[in-house]
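Commentary on secondary and tertiary structure
Okay, here's what each chain looks like letter by letter:
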Amino acid sequence: MSDGDLISELYAGCFRRLVVQLYAVTGDLTEAQEAVQEAFTRALVSPRRFAALENPEAWLRRVAVNWARSRYRRRRVLDGLLRRIGPPPAVADHSPEHLALLAALRVLPEGQRHALALHYLVDLPVDEVAATLGVSSGTVKSRLSRGRVALAALLADTDTSDATTSTSTGTGTMCATDATETGRIDVRS
């Protein structure tokens, strides 16, 4: 039996049992699953040494418990630091226009929202947005185009009485006039 077959057999035979045991330790099913997966990942790093163990399941359990404990300690330290820092800062702009823009962005599909935010709010060129999102430049251009049209419609619905209202975004200004008339969002610094 090869080393990989041994690990596959152990995974099939004891993964659930180990997850149940780690669930009792962590109290969180997702955390337990991640701990056991991490243990199997470490076994795959050196499969020959793992195959030579007298009790591989006990080794997996020990690695998973140690990983869960380390993660718990790190999380406790982080929580303490966050308590000392205090609550996160409040959003700087509470204007109705800014809140309407944020609400409209939340309605858009994730891909369009990410593309619009990275391109217009972070000021990344299309190629960098594509690299960041792991998609092609054409996909980014398509998402930007569709996102602008959808955002313009959403913003026009929320502010039909005054189509010339500018919406502040923190790093630039999106003009509702441009969005409704041309289907484009004008970002100015």
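Residues numbered from 1 in each chain as written. Predicted model: local features only at pLDDT ≥ 70, side-chain atom pairs only at ≥ 80, totals over all residues. Heavy atoms only, no water.

Thoughts on a nonpolar patch on the surface
On the surface, L78, L82 and I85 cluster together to form a nonpolar patch covering roughly 310 Å² of accessible area. One can find I85 in helix α4 (residues 56–85). Judged by its relative accessible area of 67%, I85 is exposed. (Patch = residues over 30% accessible without salt bridge, like charges linked within 9 Å, V, L, I, M, F, W, Y side chains within 5 Å. Areas by Shrake-Rupley, 256 points an atom, 1.4 Å probe, with all protein chains shown as cover. Salt bridge = Lys/Arg side-chain N within 4 Å of Asp/Glu carboxyl O. Helix = DSSP H or I, 4+ residues; strand = E, 2+ residues; numbered from the N terminus. Buried < 20%, exposed > 50% of the residue type's maximum accessible area, 1.4 Å probe, protein only.)

What about the nonpolar core?
Counting 22 residues, the largest nonpolar core has L22, V36, F40, F50 and L60 as the members making the most contacts within it. Looking at this core, the elements with two or more residues in it are α1 (3–26), α2 (29–45) and α4. Per-element tally for this core: the top contributor is α1, with eight residues. L22 has contacts with G27, A32, A35, V36, A64, V65 and A68, leaving out every residue within four places of it along the chain. In terms of nonpolar packing, the next biggest core, distinct from the first, is built from 16 residues, L105, A115, V129 and L144 among them. (Core = buried A, V, L, I, M, F, W, Y, C linked by side-chain atoms within 4.5 Å. Contact = heavy atoms within 4.5 Å.)

Looking at the environment of L151
As for its placement among the helices and strands, L151 is situated in helix α8 (residues 137–158). Separated by 50 residues in sequence, L151 and L101 place their C-alpha atoms 8.3 Å apart.

Let's talk about the pattern of salt bridges
Tallied over the full model, the rule gives six salt bridges. Here R42 makes a salt bridge to E38, at a shortest N to O gap of 3.0 Å. Here R42 and its partner E38 are both found in helix α2, four residues apart, which amounts to about one turn of the helix. You can call R42 partly exposed: its relative accessible area is 40%. Classification of E38 as partly exposed rests on a relative accessible area of 24%. Among the ionic pairs, E57 bridges to R61, the shortest N-O distance being 3.5 Å. Here R61 and E57 lie together in helix α4, a separation of four residues that amounts to about one turn. Beyond isolated ion pairs, a larger network of salt bridges with shared partners links E31, E34, R71 and R75.

Notes on helix α5 (residues 96–107)
Its 12 residues place the ends of α5 17 Å apart at the C-alpha level, agreeing with the 16 Å of an ideal helix rising 1.5 Å per residue. Every buried residue belonging to α5 is among H98, L101, A104 and L105, and all of these are buried. All buried residues of α5 project into a common sector of 125° when viewed along the axis, lining one side. Of the residues in α5, the exposed ones pointing more than 90 degrees away from the buried face are P96, R106 and V107. (Expected span 1.5 Å × (residues − 1). Arc of directions from axis to C-beta.)

Quick look at the packing of helix α6 (residues 110–121) against helix α7 (residues 126–133)
Packing of α6 against α7 brings their axes to within 9 Å, and their N-to-C directions diverge by 135°. Taken together, α6 and α7 sit at an angle that is classed as oblique. Considering the relative orientation of α6 and α7, their crossing is right-handed. Mapping the contact onto sequence places H114, A115, L118 and H119 in α6 and V126, V129, T132 and L133 in α7. Its residues assigned to classes, the contact of α6 with α7 shows five nonpolar, three polar and no charged. (Axes fitted to C-alpha atoms, helices over the stretch in contact; angles between N-to-C directions. Parallel < 35°, antiparallel > 145°, perpendicular 65-115°, else oblique. Left-handed = near helix turned anticlockwise from the far one by under 90°. Nonpolar A, V, L, I, M, F, W, Y, C, P; charged D, E, K, R; others polar.)

Points about the environment of R143
Residue placement: R143 occurs in helix α8. R143 sits in the partly exposed class, given a relative accessible area of 26%. With 33 residues separating them along the chain, R143 and E110 place their C-alpha atoms 9.8 Å apart. With residues near it in sequence (within four places) discarded, R143 still touches G111, Q112, A115, L133 and V135.

Brief notes about the confidence of the model for the protein chain
Here the protein chain shows a mean pLDDT of 81. Residues at 70 or above account for 79%. Across residues 161–184, where pLDDT falls below 50, the model places 52 contacts with residues more than four positions away in sequence or in other chains. (pLDDT = per-residue confidence, 0-100.)

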